[in-house]
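# Close look at the chain arrangement
Below are the chains, spelled out letter by letter.
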Amino acid sequence: MLQACERCGWRLAFVRTPLDHPTPVLFATARDFVVVREDGSIDRWPDIALRH
């Protein structure tokens, strides 16, 4: 899924590392981001807080 998103212009910004599963966070713009879930699905409205 990550490679498919990158082909569409998304870029990997960082990977969160909670205890249960690393979570890749991808950005298209500064405000438009998604996370890739463990099953490979995309969450367009993740419950994460971004620090600037």
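Quick look at the structure, then. (Residues numbered from 1 in each chain as written. Predicted model: local features only at pLDDT ≥ 70, side-chain atom pairs only at ≥ 80, totals over all residues. Heavy atoms only, no water.)

## Structural notes on the pairing of strand 3 (residues 33-36)
Here strand 3 shows two buried faces, one formed by Phe-33 and Val-35 and the other by Val-34 and Val-36. Bridging between strand 2 (residues 23-27) and strand 3 involves three bridges; their strand directions are antiparallel. Following the sheet pairing, Phe-27 is matched in strand 3 by Phe-33. Here strand 2 folds back onto strand 3, and the loop between the two strands holds five residues. Between strand 3 and strand 4 (residues 42-43), which pair antiparallel and follow one another directly, the connecting turn spans five residues, one of which, Gly-40, has a positive phi of 90°. (Buried < 20%, exposed > 50% of the residue type's maximum accessible area, 1.4 Å probe, protein only. Helix = DSSP H or I, 4+ residues; strand = E, 2+ residues; numbered from the N terminus. Pairing = 2+ DSSP bridges.)

## Concerning the pattern of salt bridges
One pass over the structure, following the stated rule, counts two salt bridges. Note that Arg-44 and Asp-32 form a salt bridge whose closest N and O atoms lie 3.4 Å from each other. In this pair, Arg-44 is assigned in the segment after strand 4 and Asp-32 in the loop between strand 2 and strand 3, connecting sequence segments 12 residues apart. Exposure remark for Asp-32: the relative accessible area of 26% places this residue in the partly exposed category. The partner of Asp-43 in a salt bridge is Arg-37, and the shortest N-O contact between them spans 2.5 Å. The class of Arg-37 is partly exposed, set by a relative accessible area of 32%. (Salt bridge = Lys/Arg side-chain N within 4 Å of Asp/Glu carboxyl O.)

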